[in-house]
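Notes for the structure review
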Amino acid sequence: MSTDPINYGALSAGRDCNYWAMDPTLRAVVTAALPDRDVAWAGSLLSEFGEACGHGIAERSDRIDRHPPELHTYDADGEVVNEVEYHPDQRENERVVYDEFRLTHDPFHAPPGRDEPASFTHALAMQALLSYCDVGFTCPASMTTGAAIVLGEADHEREEYFERLTSADLDDHIEGAMFLTERQGGSDVGANEVRAEHVAGDTYEVSGEKWFCSNVDAQGALVLARTSDAPEGTAGLSLFLVPREVGGEGNDAVVRRLKDKLGTLSVPTGEIEFHGATGYLIGEEGDGFRLMAEMMNYERLTNATGAVGVMGRALLEAKVHAANRETFGKRLADHALMRRDLSELTVEYEGAVTFAFEAARWYNEHKRGEDGERAFKLMRLLVPVAKYRTARDSVDIASYCMEVLGGNGYVRDHTTPRLLRDTQVLPIWEGASNVISLDVLRVLERERAHEALIPFVSKLLAVDDERLAPLADEVGDSFESLQTALATLATEDAEYAQYQAKELAELIYDVTTAALLIDRAAGALE
């Protein structure tokens, strides 16, 4: 992962640069994770996108944060319009991301000059670069891709929405969303009460309240609702496409208010009351939770790559400051303790990038039908672990990088306060830490994912280079502890397993990440 030293002192802040070029860790890890056929094409495009992020999107994102979206529920005559007013810079960011660089197009359709779609790994690398600028914008971007994944795989009669979600023409493009959360349920989705009454064909009328709706004005929103006579719990949930507008007119819904959030201000999050809104059934009745879980896997991955982007930007801000700030007669970066701090933060970052994009690699292999059951098991285990750990690490790294800047780092004229405000949502989005760690237990029990994990890690640790042998032995000891823990959980009751769930997720992350880094080191030493 090493390159020639980067001259951080040439910058005055973490902008006006190419984020892809400034991040050798991201370049190396993504290149290794991409399918071989994508490497040359994707590397060039990611470099161009890194340039666009560092020179335009970053500056516009700061302005958008100072002028966030505003809701106009009613017009002057008291009619419901549910209009969200955006700063003009948001539209320009959307043009660059969706139109010029085709973020939500290329995973589904062949890009210009190619015969097949790009990998999801490529799209996730773009999400990481975008998160250098605005992790808020990555929310609608990732939900648009996630909604397209669902519509691309499920049976339905609304192909035009898939085409518009994946369009590279901004005038035709629509964004996606997923509206799950209800006030009484929260993470307990099985307690949802929103109803859907059948009208005719695939059309239903959706009624009830959704409590936390990010990208609240999306035209391609997917909504979980319970049909007539459906059973309780998740088995009774169905999935509906509920557009903001139908036939050029507003759908029957009221956006009550936008949430007054700590961060991610660029994406409007609101409360919606559906009053017989038109919804189109996606898949079969009762299949909603399974379909939404497909979208959730991708959203959790983008949560992890979003955390990577925030960590990368925070580190860049800290390293630029340390390279330019003089204290006690020399540069801050030349003080031994600061060198140690920045080195340790960089190692944490390298681990996060490595694990997140290993999860992305297996996700892509699963979605593209490669490596069968092994890919599925590794994807299902690595994705929640990646989401869990990178989210927590991003908060810690963003906080300490703010501290490196001192008092200035706490002032909103600088980017570090926004990074910390924005990244604080990542442990909450797509399932809080407890929810995610319990999902890890389910994957191990139901999918028997350890049957794929153990031989995978064993192979990574089988290095021949004697220079790495002591380190491989040390990680091997932790790997044995992990296997012991897995065996113990298999014999204990559910209460014991739940109590240990977070520690298990941490151990899976630490052992797997260390093994991946050793394997990469072995390759570099050949």
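Look above for the structure.
So, here is what we can say about the structure in this document. (Residues numbered from 1 in each chain as written. Predicted model: local features only at pLDDT ≥ 70, side-chain atom pairs only at ≥ 80, totals over all residues. Heavy atoms only, no water.)

**Examining the overall build of the protein**
To be explicit about the condition: Each helix is a run of DSSP H or I of at least 4 residues and each strand a run of E of at least 2, with the numbering of both proceeding from the N terminus. We compute the radius of gyration from the C-alpha atoms alone; for a globule the expected value is 2.2 Å times N to the 0.38, where N is the number of residues. Only protein chains enter the accessibility calculation, which uses a 1.4 Å probe; a residue whose area is less than 20% of its type maximum is buried, one above 50% is exposed, and one in between is partly exposed.
Of regular secondary structure, the protein possesses 15 helices and 13 strands. Taken over the C-alpha trace, the protein has a radius of gyration of 23 Å; the compact-globule value for 526 residues is 24 Å, and the two agree within 12%. Principal-axis analysis of the C-alpha atoms gives the protein an extent of 70 × 55 × 45 Å. Classification of the 526 residues of the protein by burial places 58% in the buried group.

**What about empty space enclosed by the protein?**
For clarity, the threshold we go by: Cavities and pockets are defined on a 1 Å grid built over the protein atoms alone: a cavity is a set of grid points where a 1.4 Å probe fits but cannot escape, while a pocket is an open set with protein on both sides within 12 Å along at least five of seven lines, and lining residues are those with an atom within 4 Å of any such point. Grid points are joined across faces, edges and corners, and a volume is the space filled by probe spheres set on the points. The residue classification treats Ala, Val, Leu, Ile, Met, Phe, Trp, Tyr, Cys and Pro as nonpolar and Asp, Glu, Lys and Arg as charged. All others, Gly included, are polar.
In total, this model carries three cavities of 30 Å³ or more according to the counting rule given. Roughly 70 Å³ of internal volume is contained in the largest cavity. Residue lining of the largest cavity: Val135, Thr138, Cys139, Ser142, Met143, Glu299, Thr302, Asn303, Gly306, Leu426, Trp429 and Glu430, and that is the complete set. The element that contributes the greatest number of residues to the lining of the largest cavity is helix 5 (residues 135-153), accounting for five residues. For the lining of the largest cavity, the class distribution of residues is five nonpolar, five polar and two charged. As for the second largest cavity, its lining consists of Tyr86, Gln90, Glu94, Phe137, Pro140, Glu175, Asn215, Ser266, Val267 and Pro268.

**Brief notes about a negative patch on the surface**
Put simply, the rule reads: Only residues above 30% relative accessible area that lack a salt bridge enter a patch, with like-charged residues linked at up to 9 Å and the nonpolar side chains Val, Leu, Ile, Met, Phe, Trp and Tyr linked at up to 5 Å. For every accessible area listed, the method is Shrake-Rupley and the probe measures 1.4 Å; residues are considered covered only by the protein chains on display. Definition used for salt bridges: Asp or Glu carboxyl oxygen within 4 Å of a side-chain nitrogen of Lys or Arg. For the purpose of charge, His is not counted, nor are the chain termini; Lys and Arg are scored as positive and Asp and Glu as negative. We put the charge of a Lys on NZ, of an Arg on CZ, of an Asp on CG and of a Glu on CD.
A cluster of like negative charges, contributed by Glu197, Glu205, Asp229 and Asp252, occupies part of the molecular surface. Structurally, aspartate 229 can be placed in the loop between strand 6 (220-227) and strand 7 (237-241).

**Some points on the pattern of salt bridges**
Across all of its chains, the model carries 44 salt bridges by this definition. For aspartate 172, the salt bridge goes to arginine 164, with nearest N and O atoms at 3.5 Å. Here the salt bridges do not stand alone but share partners, grouping Arg183, Glu209, Arg256, Arg257, Lys259, Glu271 and Glu273 into one network.

**Digging into helix 2 (residues 39-66)**
An α-helical turn contains 3.6 residues, so a residue and the one three or four places further along point in the same direction. Spelled out, the test is: Residue count minus one, scaled by 1.5 Å, sets the expected span of a helix. The quantity called bend is, for any residue, the angle between two axes fitted respectively to the seven residues ending at it and the seven beginning at it.
With 28 residues, helix 2 extends 37 Å from end C-alpha to end C-alpha; this agrees with the ideal 40 Å at 1.5 Å per step. Along its length, helix 2 reaches its greatest deviation from straightness, about 45°, at cysteine 53.

**Considerations on the side chain of arginine 102**
What counts, and what does not: Only heavy atoms enter the contact rule, under which two residues are in contact if any of them lie within 4.5 Å.
With respect to the helices and strands, the residue arginine 102 is situated in the loop between helix 3 (88-100) and helix 4 (120-131). Here arginine 102 falls in the buried class, since its relative accessible area comes to 13%. Beyond its immediate sequence surroundings of up to four residues, arginine 102 is in contact with Trp41, Leu45, Val97, Pro111, Pro112 and Ala168.

**A look at the layout of surface pockets**
Considering only enclosed or pocket space, the largest pocket measures out at about 1300 Å³ in volume. Taken together, 43 residues form the lining of the largest pocket, with Leu180, Met296, Arg300, Glu430 and Gly431 sitting closest to its centre. When contributions to the lining of the largest pocket are tallied by element, the ones reaching two or more residues are helix 5, strand 5 (203-214), helix 7 (288-324), helix 9 (372-404) and helix 11 (433-446). In terms of residue count, the dominant contributor to the lining of the largest pocket is helix 7 (eight residues). Of the residues that constitute the lining of the largest pocket, the class distribution is 19 nonpolar, twelve polar and twelve charged.

**Comments concerning the packing of aromatic side chains**
Selection rule: Only Phe, Tyr and Trp rings are paired, with Trp represented by its six-membered ring, and only when their centres lie within 6.5 Å; those with planes under 30 degrees apart are stacked, over 60 edge-to-face, the remainder tilted. Consider the ring centre and the ring normal. A charge sits over the ring if Lys NZ or Arg CZ is within 6 Å of that centre and within 35 degrees of that normal.
Going through the model one piece at a time under the given rule, you end up with twelve aromatic pairs. Each residue in the set Phe108, Phe120, Phe162, Tyr298 and Tyr363 is aromatic and connected to the rest through ring pairs, giving one cluster. In this structure, arginine 114 is placed above the aromatic ring of tryptophan 41, and the distance from its NZ or CZ to the ring centre is 4.5 Å. Note that arginine 158 overlies the ring of tyrosine 280, its terminal NZ or CZ placed 3.7 Å from the centroid.

**Topic: helix 4**
Counted at 1.5 Å a residue, the expected span for helix 4 with its twelve residues is 16 Å, and the 16 Å between its end C-alpha atoms agrees. For helix 4, a buried count of twelve out of twelve residues is recorded, marking the element as mostly surrounded by other parts of the structure. Those residues of helix 4 that fall on the buried side of the exposure criterion are Phe120, Thr121, His122, Ala123, Leu124, Ala125, Met126, Gln127, Ala128, Leu129, Leu130 and Ser131. Against helix 1 (24-33), helix 2, helix 3, helix 5, helix 7 and helix 8 (336-367) lie the buried residues of helix 4.

**Considerations on the nonpolar core**
Condition: For this analysis, a nonpolar core means a set of buried residues of the types Ala, Val, Leu, Ile, Met, Phe, Trp, Tyr and Cys, connected via side-chain atoms within 4.5 Å.
By size, the foremost hydrophobic cluster in this structure holds 163 residues, and its most contacted members are Leu26, Leu222 and Phe357. With 18 residues, the single largest contributor to this core is helix 7. Setting aside anything within four residues of it in sequence, one finds leucine 26 in contact with Trp20, Ala128, Leu129, Val308, Tyr349, Val353 and Phe357.

**What about the environment of methionine 292?**
Among the structural elements, methionine 292 can be located in helix 7. In this view, methionine 292 contacts Met178, Leu180, Leu222, Leu224 and Leu239; residues no more than four positions away in its chain are not counted.

**Thoughts on the packing of helix 12 (residues 450-461) against helix 15 (residues 501-525)**
As a reminder, the rule being used: Axes here refer to lines fitted to C-alpha atoms; in helices the fit is confined to the stretch in contact. Angles between the N-to-C directions go from 0 to 180 degrees. Put simply, a crossing is left-handed when the front helix is turned counterclockwise from the back one by less than a right angle, and right-handed when it is turned clockwise.
Orientation of helix 12 relative to helix 15, taken along the N-to-C sense of each, is 35°, at an axis distance of 8 Å. Crossing of helix 12 against helix 15: the hand is left-handed. Across from Leu453, Phe456, Val457, Leu460 and Leu461 in helix 12, the residues of helix 15 making contact are Ile508, Val511, Thr512, Ala515, Leu516, Ile518 and Asp519. Considered class by class, the residues forming the contact of helix 12 with helix 15 number ten nonpolar, one polar and one charged.

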